[in-house]
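Analysis of the macromolecular model
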Amino acid sequence: MNKALQTFRGARRSTKVLIIIGAVLVLLALLLVFFPWDLLRGPVNRYVSEQTGRKFEITRRLDVKLGRTTRVFADGIEFANPSWAADPYLLKADSAELHIRLWPLLKKQVELPFIGLRGPQLGLQMEADGRRTWALGKTSSDEGSVPSIGRIQVDRGSLHFLSTPQQADIRAEFSLKEGSGEAMPLAYQAKGSWKKQPFTAVGRTGSVLQIGSKTEAQQNPFPLEIRAAAGPTRLDAAGTVGNLAQLDGVDVRVDLRGNTLSELHTLIGVVLPGTPPYALKAQLRKQGEVWSVKQMQGQLGDSDLSGELAYHSGERVPRLSGKLESRRVDFDDLGPLIGLQTDKQKAGVDATPPEVLAANRKMKRAGDQKLLPGKKLDFSKFKEMDADVWYTAATVRDMKALPITQLKVHVQLSSGALKLDPLEMGMAGGRATGRIHVNSASTPATALVQLDGRSLQINRLFPTVQRLQASFGSLNARVDLQGRGDSIATLLASSSGSMGLLTGRGTFSNILLEFLGLDGGEVIRLFVRGDHPVQLRCAAAAFEVKQGALQAKTLLLDTSDTVVHGTGGASFADESIDLVLRPEPKDMSILTLRSPLHIGGTFAQPKVRPEGGSLLTRGALALGLAAINPLLALAATIETGPGQDADCAQSLKEATAVAKTGSPTKPSPAR
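Residues numbered from 1 in each chain as written. Predicted model: local features only at pLDDT ≥ 70, side-chain atom pairs only at ≥ 80, totals over all residues. Heavy atoms only, no water.

Turning our attention to the overall build of the protein. Looking only at helices and strands, the protein features 13 helices and 34 strands. Taken across its 671 residues, the protein has 41% of its residues classed as buried. A fraction of 50% describes how many contacts in the protein between residues 6 or more apart in sequence connect residues 24 or more apart. Only carbon and sulfur atoms are counted for the fraction: they give 58% of the accessible area of the protein, which is about 36,000 Å². (Helix = DSSP H or I, 4+ residues; strand = E, 2+ residues; numbered from the N terminus. Buried < 20%, exposed > 50% of the residue type's maximum accessible area, 1.4 Å probe, protein only. Contact = heavy atoms within 4.5 Å. Areas by Shrake-Rupley, 256 points an atom, 1.4 Å probe, with all protein chains shown as cover.)

Right under this line is the structure:
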């Protein structure tokens with residue numbers, strides 16, 4: 001009985017204790033619910049100011065709702081910027097709602113899954129040494145003191161963003177259409193400068209911006225529309241963004257326009273070549289550190305472009321990869337890439353400064369015009385990005401200097417070394433293959449050029465030479481050169497190696513051969529009766545190249561009418577020509593002044609003249625006979641035709657040997 005009574009009394013005491021504990025908890029809960037949190041406003045202001053080293057103040061009222069994620073409501077808030085900042089406040093707002101996770105605070109980590117601001121004024125600034133105004137520690141360059149922010153909701157307000165690394169100074173304003181039911185009720189507009197370029201932007205977005213949290217970004221990406229301009233570059237984009245702070249989870253349709261793709265290096269750091277004005281549309285996505293461009297369609301000048309690209313920004317050196325193709329490419333859009341002057345540039349409609357155009361015109365008037373492109377090629381950005389891109393052009397138009405009709409190339413860029421390998425071109429009815437390597441690690445850059453042409457049609461190889469249009473036949477060619485320089489002209493001027501040209505039977509314009517032999521009778525007859533082709537038996541030309549100087553090892557043209565042997569050479573350095581051609585006829589003709597021809601002048605302005613000694617001898621004889629009887633002067637011009645058919649097999653064999661041995665067949669590639 002006593003034992004039962006003791007058990008009962010113990011149970012009553014336990015019940016009383018539980019009731020007391022419950023009552024205390026209820027009282028604490030009621031205290032927390034009804035606690036006048038505003039009494040803590042002063043201590044909170046002082047504590048935050050001490051911990052961050054800058055003034056913090058909730059100006060009117062403070063309220064708190066405790067929980068694992070505590071919600072803080074501040075009516076009127078001012079948070080000063082560091083003393084080095086241009087704007088006095090990091091944040092000044094009519095009201096703010098902050099959600100704070102408590103457990104991370106024990107590890108001195110600030111996690112704010114949500115921030116709601118009404119009428120905020122934000123002053124964000126970043127310096128080259130790592131300092132940023134939103135770092136909340138006393139050391140503003142400490143990345144660990146930067147709070148982790150999930151989502152932000154803004155109702156009206158303004159933002160001033162200054163960044164020394166981006167050379168940016170941008171002011172933006174926001175406005176929210178509450179209760180509108182629109183998917184993107186938050187409108188914004190911005191203006192200022194980015195990378196020292198005038199910058200403007202307008203657009204709309206959802207009412208809640210996803211700043212951080214990859215999980216939230218994947219589950220709840222927010223919609224976005226933007227129309228921006230930085231200098232001459234224009235961007236229209238519409239889609240969704242998951243994480244604004246990391247620009248992750250991007251999936252937008254973009255319309256990009258500008259003067260040249262190379263300007264994007266300044267704006268966003270992607271190394272792209274100089275191009276004519278462009279307009280591109282594509283689907284742009286970003287997951288992690290990889291940007292991808294899908295369904296790209298657009299124009300570069302008068303050329304079209306399509307394909308896919310991926311930009312891997314997280315690697316030690318950013319890398320661009322993909323496949324591009326064009327149905328149609330205009331040479332005027334490709335020429336500037338290698339420093340060639342296009343028709344548009346010659347017309348003075350490009351972006352070349354007026355003083356440069358005037359200097360070019362003056363040089364041309366002075367007779368010092370150069371044919372080889374002397375424009376400096378910019379290799380400085382080669383080390384800033386790697387690349388692995390295939391490019392195919394189904395049709396190339398208006399390439400007058402070289403009759404290229406198709407193009408396929410594998411562009412590889414690694415550690416400052418550029419390789420166009422393999423390089424395949426449809427050219428003059430045949431094909432040319434090879435490789436071009438440029439190594440920018442040395443100063444000046446080194447280059448290797450190896451090209452083989454097969455079945456090139458003579459009449460299509462020189463489309464601007466009208467008299468060759470009646471010529472038929474194919475030829476093979478080989479170029480094997482190595483040089484150093486910062487332009488096509490300087491690379492060739494320092495180059496060494498070999499060049500060869502071989503062709504077999506075909507037909508050739510006869511009038512050119514008659515002019516070559518200064519056959520006056522034949523020329524007169526051809527002008528009366530018109531041109532007619534002659535049989536080409538063979539032609540061979542092989543040059544050894546040393547430090548830009550070309551020396552002819554074999555120079556031969558053999559037809560059913562004339563055989564021509566040549567000696568001499570030329571120079572890439574000063575673009576001079578010094579060749580002597582010795583024509584020997586195979587027929588009899590009157591009015592013939594058969595003498596060796598000297599081809600001099602320059603690549604741009606070649607000059608042809610007869611060798612003086614032989615021609616003067618004939619001229620003196622003609623004048624002497626004319627003194628007796630003018631008709632007898634014709635006797636001195638009669639040619640009996642002692643020329644013999646050239647040994648084509650032997651000549652071609654010699655030319656082939658020089659083309660293969662004039663320089664190493666497989667020189668070490670640029671590294």
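The end-to-end C-alpha separation of helix 2 (residues 41-52) is 16 Å, in line with the 16 Å expected for twelve residues at 1.5 Å each. Restricting attention to buried positions, one finds in helix 2 the residues R41, N45, S49 and T52. Seen along its axis, helix 2 keeps its buried residues to an arc of 80°; they face one direction. Summarising the geometry of helix 2, the exposed residues directed more than 90 degrees from the buried face are R46, Y47 and E50. Lining the buried residues of helix 2 we find strand 1 (56-65) and strand 2 (69-80). Just downstream of helix 2 lies G53, where phi reads positive at about 75°. (Expected span 1.5 Å × (residues − 1). Arc of directions from axis to C-beta.)

Here we come to the packing of aromatic side chains. This model, assessed by the stated rule, comprises two aromatic pairs. Ring geometry for F572 against F603: centres 6.2 Å apart, planes inclined by 80°, an arrangement best described as edge-to-face. On the criterion of sequence distance, the pair formed by F572 in the loop between strand 31 (562-571) and strand 32 (577-585) and F603 in the loop between strand 33 (597-601) and strand 34 (606-610) is long-range, its members being 31 residues apart. Accessibility expressed as a relative area gives 22% for F603, which makes it partly exposed. Residue placement shows R131 over the ring face of W84; its charged tip is 4.6 Å from the ring centre. (Phe/Tyr/Trp six-rings, centres within 6.5 Å; stacked < 30°, edge-to-face > 60°. Lys NZ or Arg CZ within 6 Å of the ring centre and 35° of its normal.)

Attention shifts here to the pattern of salt bridges. Counted by the stated rule, this structure contains 22 salt bridges. Of the charged contacts in the structure, one is a salt bridge between E57 and K55, with a shortest N-O distance of 3.5 Å. Overall, the relative accessible area of 26% leaves E57 in the partly exposed class. Residue E111 pairs with R101 through a salt bridge whose shortest N-O separation is 3.5 Å. Of this pair, E111 sits in strand 4 (residues 111-118) while R101 sits in strand 3 (residues 89-101), and the two are ten residues apart along the sequence. Residue R101 is classed as partly exposed on the basis of its relative accessible area of 36%. Residues participating in the shared-partner salt-bridge network are D94, R118, D155 and R156. (Salt bridge = Lys/Arg side-chain N within 4 Å of Asp/Glu carboxyl O.)

In this structure, R132 sits in the loop between strand 5 (121-126) and strand 6 (148-155). A residue is classified by how much of its surface remains accessible, and R132, at 17% relative accessible area, is buried. Within the structure, R132 has its side chain in polar contact with the backbone oxygen of G130 (distance 3.2 Å). (Polar contact = N/O pair within 3.5 Å; in protein donor to acceptor, adjacent residues only side chain to side chain.)

So, on to a nonpolar patch on the surface. Among the surface-exposed residues, L102, L105 and V110 lie close enough to one another that they form a single nonpolar patch of about 210 Å² accessible area. Residue placement: L105 occurs in the loop between strand 3 and strand 4. (Patch = residues over 30% accessible without salt bridge, like charges linked within 9 Å, V, L, I, M, F, W, Y side chains within 5 Å.)

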